[in-house]
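Chains, contacts and geometry: an overview
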Amino acid sequence: MPFALNAKFYTESVLLQRDVEVVFEGADKSGNLYGQVNEAGSAVRVSENLLRMGYAKTVAWSMQMTSNASVLRATEKSAMKARVGIWHDYVPNPNAAVASTDVYQARVVEIFSGDVIIVADDETGDFRRVCFASLRAPKLGRGSDRDMPVAWEAREYLRQRLIGRRVKVSVDYQRKPQPESPMKDIMSYATITKDRGGKENTEEDIGMGLVAGGFVSLIRHRSDEERARNYEQYVQLEKEATNAKKGIHSDKNIPVRRVNDLTGSENKKRNKDMLSSFADSGPHKGILEYASTGSRYRIYLPSQSCILALALKGVRCPVPSRTLHGESAAQPGQPFGDEALHFVKLSFLQRDVQVDISSVDKTGAFLGTVRLPGQTPQAPMIDIGLSLLSHGYASLNEFFDPDRDEGGQIYSKTQEEAKAADKGIWKDYKVQEAAAQKEVEAQQAAGQVRGRMS
């Protein structure tokens, strides 16, 4: 093989018939020992020099045994860039990930899966999709597909620790999506940390918790690929999780979450039949999983093992803009539709909620109220419909009767206060109302003139 004799000559020149120090670091299944061999009392590290001169490559599976894997990988990467030894004709993969030093603060808006989150950049307010660097979680079921084992547990681990919290996103590398992928934007792979609190002001690497709990597997990168900055620590944590048979490393039959989907219009009759059961057994504890508008949601009820479509009773938000499948340009929505949806995503998406169901609309969606628990046990619950009304992001349905609905007077009063303050959709309400009144008066005056002429 090319450079095999060069490697042999160098090793013999520094080790042959010398006093050496041997450090045993592991063994394979066949009992072969692996470790480091260096000249006694010398600062020369043979393995590092072999890599530096391009006379050797790292081996992923045995690298897990050594304590200086990061140094060896960095040395090999420098040899690749210098194109020395076996790397003399090395050509980087044009589709390979590119290292990044981008760091920013953000708030977590959504947990897409156990290895992907959506954050709102503190500086720009833009929503960004971020993947955990070097980690891969089991896939959640979409549509009729079932979850993979531990997929739900991985997502819940992140949701309970991150949703609505501020984090630091340290991008380790970026990668272009594959041509067949529906994703068109460059994907960012990052180390996500959050403040532990306390006087020490230390940061917690969320990825370490995922690996230690057996919620994710570690990606085995090629030697020329970028990886998470704490990759070597991840390797050690994965060993410990594997030995403890945690999560995906368990040798037991792991139960998988089953969900009864009640969101489609085909469930209209079924939902009407189930209405009395839901109404009588409420309120229900759930998770607000998705918002299509500021007032229409999909809510998961763990105790009922179902996910249902729910619209806020008596409250309606403007329709937001949306991009249809296969179209590049978004269809414009109604005024303040995007703002209402943005507000709900930032404040309520994927939070634990309390749901009271009262009826079913003509599309088969349930109607009811959704409340968020207060930040302390003594704090009052937050009514999402009331919050939308107070910010001017919603209006009361024309059929809403404040005298018949519980809390209706508060809803009506809150809407009037938003109108008086010119908030949201009521910003130009007084001007529009005055213009409409003038038009009515003009039509009435024109009618009187025609009456006299006849």
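Just above, that's the structure.
**As for the nonpolar core**
- Of all hydrophobic cores here, the largest spans 39 residues; its most connected members are Ile117, Phe132, Leu158, Val169 and Ile192.
- Counting residues per element, the ones that place at least two in this core are β4 (103-113), β5 (116-121), β6 (127-132), α5 (151-162), β8 (166-175), β9 (187-195), α6 (206-212) and α7 (231-243).
- If you look at the next biggest cluster of nonpolar residues, it comprises 37 residues, including Phe278, Leu312, Ile384 and Leu396.

**Overview of the packing of aromatic side chains**
- Summed over all chains, the structure comprises nine aromatic pairs.
- Between Trp87 and Tyr90, the aromatic rings sit 5.8 Å apart at their centres with planes inclined by 85 degrees, giving edge-to-face as the arrangement. The exposure classification of Trp87 matches that of Tyr90, with both residues buried.
- Residues Phe400 and Tyr411 carry aromatic rings whose centres are separated by 6.0 Å and whose planes lie at 20 degrees to one another, so their mutual orientation is stacked. Of this pair, Phe400 sits in the loop between β20 (395-396) and α11 (408-420) while Tyr411 sits in helix α11, and the two are eleven residues apart along the sequence. Side by side, Phe400 and Tyr411 carry an identical accessibility label, which is buried.
- Among the aromatic side chains, those forming a connected cluster through ring pairs are Phe343, Phe348 and Tyr393.
- Stacked on the ring of Tyr231, the Lys or Arg Arg227 has its end atom at 5.0 Å from the ring centre.

**Here's the deal with the side chain of Arg159**
- For Arg159, the location among the structural elements is in helix α5.
- Reaching out from Arg159, the side chain makes a polar contact with the side chain of Glu156 at a distance of 2.7 Å.

**Thoughts on unusual backbone geometry**
- The phi torsion at Phe3 lies on the positive side, around 70 degrees, for a residue other than glycine.
- Its place among the elements puts Phe3 in the segment before α1 (4-15).
- For Phe3, a relative accessible area of 27% puts it in the partly exposed group.

**Notes on α11**
- With 13 residues, α11 extends 19 Å from end C-alpha to end C-alpha; this agrees with the ideal 18 Å at 1.5 Å per step.
- Within α11, the full set of buried residues consists of Gly408, Tyr411, Thr414, Gln415, Ala418 and Lys419. Along α11, the residues classed as buried sweep out an arc of 140 degrees about the axis, all on the same side. In α11, the exposed positions angled more than 90 degrees off the buried face are occupied by Lys413 and Ala420.
- Looking one or two residues beyond α11, the residue adopting positive phi is Asp422, at roughly 55 degrees.

**So, the environment of Leu16**
- Inspection of the secondary structure assignment puts Leu16 in the loop between α1 and β1 (20-27).
- Between the C-alpha atom of Leu16 and that of Glu39, which follows or precedes it by 23 residues, the distance is 9.3 Å.

**A word on the pairing of strand β13 (residues 284-291)**
- Among the eight residues that make up β13, six are buried, leaving the element largely enclosed by the rest of the structure.
- Two elements, β13 and strand β17 (residues 352-360), share four bridges in a ladder whose sense is antiparallel. Bridging from a neighbouring strand, Lys285 pairs with Gln354 of β17.
- Of the pairings in the sheet, the one linking β13 to strand β14 (residues 296-301) comprises four bridges and is antiparallel in character. Directly across from Tyr290, in β14, lies its bridge partner Arg298.

**Observations regarding a nonpolar patch on the surface**
- Taken together, Val20, Val22, Phe24, Leu33 and Val37 make up a surface patch of nonpolar side chains, about 460 Å² in accessible area.
- Looking at the nonpolar patch, the elements with two or more residues in it are β1 and β2 (33-39).
- Residue contributions to the nonpolar patch peak at three residues, all from β1.
- Of note, Val22 is situated in strand β1.

**Thoughts on helix α8 (residues 268-281)**
- Helix length check: α8 (14 residues) gives 20 Å between terminal C-alpha atoms against 20 Å at 1.5 Å per residue, within 8%.
- All of the buried residues in α8 are Asn271, Leu275 and Phe278.
- At its buried positions, α8 is contacted by β13, β14, β15 (306-312), β17 and β18 (366-372).

**Describing the pattern of salt bridges**
- Per the counting criterion, the structure on display carries 23 salt bridges.
- One salt bridge in this structure joins Arg220 and Glu238, with 2.4 Å as the shortest N-O distance. Of this pair, Arg220 sits in the loop between β11 (217-218) and α7 while Glu238 is found in helix α7, placing the two residues 18 residues apart along the sequence.
- Owing to a relative accessible area of 41%, Arg220 belongs among the partly exposed residues under this scheme.
- Between Lys269 and Asp273 there is a salt bridge; the shortest N-O distance is 3.3 Å. Here the residue Lys269 and the residue Asp273 both occupy positions in helix α8, the gap between them amounting to four residues, near one helical turn.

**Description of the pairing of β18**
- Judged by how many residues are buried, β18 sits mostly within the fold: five of seven residues are covered.
- Of the pairings in the sheet, the one linking β15 to β18 comprises three bridges and is parallel in character. Considered in β18, the bridge of Leu312 is made with Gly368.
- As defined by bridge partners, β17 adjoins β18 across six bridges and the pair is classed as antiparallel. Following the sheet pairing, Ser359 is matched in β18 by Leu367.
- Taking the residues that link successive antiparallel strands as the turn, the β17-β18 hairpin has five residues, and the phi of Gly364 there is positive, at about 100 degrees.
- With two bridges connecting them, β18 and strand β19 (residues 382-383) associate as antiparallel partners.

**Comments concerning the side chain of Ser170**
- You can see Ser170 is positioned in strand β8.
- A residue is classified by how much of its surface remains accessible, and Ser170, at 6% relative accessible area, is buried.

Parameters and conventions
- Residues numbered from 1 in each chain as written.
- Predicted model: local features only at pLDDT ≥ 70, side-chain atom pairs only at ≥ 80, totals over all residues.
- Heavy atoms only, no water.
- Core = buried A, V, L, I, M, F, W, Y, C linked by side-chain atoms within 4.5 Å.
- Buried < 20%, exposed > 50% of the residue type's maximum accessible area, 1.4 Å probe, protein only.
- Helix = DSSP H or I, 4+ residues; strand = E, 2+ residues; numbered from the N terminus.
- Phe/Tyr/Trp six-rings, centres within 6.5 Å; stacked < 30°, edge-to-face > 60°.
- Lys NZ or Arg CZ within 6 Å of the ring centre and 35° of its normal.
- Polar contact = N/O pair within 3.5 Å; in protein donor to acceptor, adjacent residues only side chain to side chain.
- Expected span 1.5 Å × (residues − 1).
- Arc of directions from axis to C-beta.
- Pairing = 2+ DSSP bridges.
- Patch = residues over 30% accessible without salt bridge, like charges linked within 9 Å, V, L, I, M, F, W, Y side chains within 5 Å.
- Areas by Shrake-Rupley, 256 points an atom, 1.4 Å probe, with all protein chains shown as cover.
- Salt bridge = Lys/Arg side-chain N within 4 Å of Asp/Glu carboxyl O.
- Contact = heavy atoms within 4.5 Å.

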